[in-house]
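# Per-entry structural report
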There are 2 protein chains.
Amino acid sequence: MSLLLRNQLESIISLTDQEFEYILTHFTIKRVKKKSLLLQVGQQNVSKFFVIKGVLKSYYIDKNDKEHILQFAEPDWWITDYKAFFNETEATIYVESITDCELLSITKKDLEKLAKEFHKMEHFFRVKSNAGYVAAQERIITMLNLTVIERFEYFLKMYPNFIKKIPKYHIASYIGVSREMLSRMAKNVTNHTE
Amino acid sequence: MSLLLRNQLESIISLTDQEFEYILTHFTIKRVKKKSLLLQVGQQNVSKFFVIKGVLKSYYIDKNDKEHILQFAEPDWWITDYKAFFNETEATIYVESITDCELLSITKKDLEKLAKEFHKMEHFFRVKSNAGYVAAQERIITMLNLTVIERFEYFLKMYPNFIKKIPKYHIASYIGVSREMLSRMAKNVTNHTE
């Protein structure tokens, strides 16, 4: 179960069994049903989640009650409100399970403790932060520049397994189109690629 | 001149004079006139720039030759093509000086060397990466959700000194509105805040 985390750590740094066991003691296992809120607006002490099983989304609700999806996460991905987590402020977005999920949760304090105790864990978290930064930068370019069709193709590239895993209206919210528009696009693209 | 860099480093970590002098040997000073390209699409071996003097922008040119501004940078800020820098791939965006600039430039290899040699430099770069990631996430929320007026107000909050420093059409490109629209907004907001 924690093998997924170990594999991700060891894709960047090397660890002894003892080190990994010690690192793992800083995480808490969380099992939730689908449509559970892991994080809600206004919450303090925001943790970061590593996905073992299931699919989640982070989203923002605007003043017209419209949901805008920021990120999806599947096994081997991390998800949280990064701003609230890093700045130790209250959450301004929601994190919710789309399916039943199994997660490893870590607090900011424990993440900083690991980064301080092990230079290599500091390195690991820096590499992951860089990757998150790059993905966010990519998404900005996508939003600035691409047509809805291209944004859909970007979504398929970014989350190749998702189209079959999650309800289409989540994808419509991520891309910023209506469900009807998405259904038409999905048909065209799927015909095209299959 | 390098005091700005030292102050930024020491806002996060502590350094002896000897350590700072050593760190500084990994940077190269660059002085460029306004409208100089520091980075262009297709370029290999992308460096990262710390701004000592002047203002720069990073931007993307779409297939209709339209420029979309991703980021501005002023003294005490960093700027590069983060994707190309971190992944050691060729640049897909431009970085250009808006005014005459003085910069400290560091290669990926030298940044990684410093991060490896000093745990505290690894920590410094992780903290900066987190901050960049958070800012990018904020910008995505802005783009998903806000009206052009709110995007302009976000710009003013993010870059409070810029409205007087750089030509208005740069700001219009960042927000994604026409110059005429921006002039009208700037008038309203300035009347409102002064």
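This text goes with the structure placed above it.
Below, the structure is looked at part by part. Just so it is clear, the structure is predicted and the values come from calculations on it, not from any experiment.

### Remarks on empty space enclosed by the protein
One pass over the full model with this rule turns up three cavities of 30 Å³ or more. If you add up the space inside the largest cavity, you get close to 40 Å³. Sorting the residues of the lining of the largest cavity by element identifies helix 5 (119–145) of chain A together with helix 3 (82–87) of chain B as the ones contributing at least two each. Looking at which element gives the most residues to the lining of the largest cavity, the answer is helix 5 of chain A, with four residues.

### Structural notes on the pairing of strand 8 (residues 101–106) of chain B
All names here are of chain B. Burial of strand 8 is extensive: six of the six residues sit out of reach of the surface. Taking every second residue as pointing to the same face, both faces of strand 8 are buried, with Cys101, Leu103 and Ser105 on one and Glu102, Leu104 and Ile106 on the other. Here five bridges tie strand 1 (residues 28–32) to strand 8, and the two strands are oriented antiparallel to one another. Across the sheet, Lys30 pairs through a bridge with Leu103, a residue of strand 8. Bridging between strand 3 (residues 48–53) and strand 8 involves five bridges; their strand directions are antiparallel. If you follow Phe49 over to strand 8, its bridge partner there is Ser105.

### A word on the interface of chain A and chain B
Listed as interface residues are 36 residues of chain A and, on the opposing side, 36 residues of chain B. Buried surface at the junction of chain A and chain B, both sides included, amounts to about 3800 Å², of which 63% is carbon and sulfur. When the buried surface of chain A facing chain B is broken down by residue, Arg126(A), Tyr133(A) and Leu144(A) rank first, second and third, together holding 20% of it. Remark: the boundary between chain A and chain B carries six salt bridges. For Glu112(B), the salt bridge goes to Arg126(A), with nearest N and O atoms at 2.7 Å. Between chain A and chain B we count 14 residue pairs in polar contact (both at pLDDT 80 or more) in total. Every element with two or more residues in the side of chain A that touches chain B is listed here: strand 5 (67–73), helix 3 (82–87), helix 4 (108–117) and helix 5 of chain A. Ranked by residue count, the leading element in the side of chain A that touches chain B is helix 5 of chain A, at 19 residues. The class makeup of the residues in the side of chain A that touches chain B is 17 nonpolar, nine polar and 10 charged.

### Some words on the layout of surface pockets
The method is simple in principle: a probe with the dimensions of a water molecule rolls over the atoms, and the space it marks as empty is what remains. Here the largest pocket is characterised by a volume of approximately 740 Å³. Lining the largest pocket are 33 residues, with Lys128(A), Ala131(A), Gly132(A), Ala135(A) and Tyr133(B) positioned closest to its centre. Of all the secondary structure elements, the ones that give two or more residues to the lining of the largest pocket are strand 5, helix 3, helix 5 and helix 6 (148–158) of chain A together with helix 3, helix 4 (108–117) and helix 5 (119–145) of chain B. Ranked by the residues each element gives to the lining of the largest pocket, the list is headed by helix 5 of chain A, at 13 residues.

### Comments concerning the packing of helix 1 (residues 3–10) of chain A against helix 2 (residues 17–24) of chain A
Residues and elements named next belong to chain A. Their axes nearest at 11 Å, the elements helix 1 and helix 2 cross at an angle of 120°. By crossing handedness, the relation of helix 1 to helix 2 is classed as right-handed. Only Asp17, Phe20, Ile23 and Leu24 of helix 2 make contact with helix 1, whose side of the interface consists of Leu5, Arg6 and Leu9. Looking at the contact of helix 1 with helix 2 residue by residue, the class counts come to five nonpolar, no polar and two charged.

### Focus on the sheet that holds strand 4 (residues 56–61) of chain B
Residues and elements named next belong to chain B. Read across the open sheet, the four strands follow the order 2-7-4-5; overall the sheet is antiparallel. Both outer strands of the open sheet, strand 2 (37–39) and strand 5 (67–73), are each paired with one neighbouring strand and no more. For this sheet, the mean inter-axis angle between neighbouring strands, taken without regard to orientation, is 30°. Inspection of the sheet shows strand 4 paired to strand 7 (residues 94–97) by four bridges, in the antiparallel sense. Among the inter-strand pairings, Leu56 is bridged to a residue of strand 7, identified as Ser97. Where helix 8 (residues 168–175) meets the sheet, its contacts fall on strand 4 and strand 5, and the angle it forms with strand 5 comes to roughly 110°.

### As for the packing of aromatic side chains
Residue and element names in this part refer to chain A. For the structure shown, the criterion picks out 32 aromatic pairs over all chains. The interplanar angle of 75° and the centroid separation of 6.5 Å between the aromatic rings of Trp78 and Phe125 together place this pair among those described as edge-to-face. Of this pair, Trp78 sits in strand 6 (residues 78–79) while Phe125 sits in helix 5, placing them 47 residues apart in sequence. There is no split in this pair, since Trp78 and Phe125 are both buried. Taken together through their ring pairs, the aromatic side chains of Phe27, Phe50, Trp78, Phe124 and Phe125 make up a single cluster. Seen from the ring of Tyr59, Lys57 lies directly overhead, with NZ or CZ sitting 4.8 Å from the centre. Geometry around Tyr174 places Arg139 over its ring, the cationic atom sitting 3.8 Å from the centre.

Each value, and the rule that gives it
Residues numbered from 1 in each chain as written. Chains lettered and ligands numbered in written order. Predicted model: local features only at pLDDT ≥ 70, side-chain atom pairs only at ≥ 80, totals over all residues. Heavy atoms only, no water. 1 Å grid on protein atoms, 1.4 Å probe; cavity = no way out; pocket = protein on both sides within 12 Å on 5 of 7 lines; lining within 4 Å. Points joined across faces, edges and corners; volume = space filled by probe spheres on them. Helix = DSSP H or I, 4+ residues; strand = E, 2+ residues; numbered from the N terminus. Buried < 20%, exposed > 50% of the residue type's maximum accessible area, 1.4 Å probe, protein only. Pairing = 2+ DSSP bridges. Contact = heavy atoms within 4.5 Å. Buried area = accessible area lost by both parts, 1.4 Å probe. Salt bridge = Lys/Arg side-chain N within 4 Å of Asp/Glu carboxyl O. Polar contact = N/O pair within 3.5 Å; in protein donor to acceptor, adjacent residues only side chain to side chain. Nonpolar A, V, L, I, M, F, W, Y, C, P; charged D, E, K, R; others polar. Axes fitted to C-alpha atoms, helices over the stretch in contact; angles between N-to-C directions. Left-handed = near helix turned anticlockwise from the far one by under 90°. Phe/Tyr/Trp six-rings, centres within 6.5 Å; stacked < 30°, edge-to-face > 60°. Lys NZ or Arg CZ within 6 Å of the ring centre and 35° of its normal.

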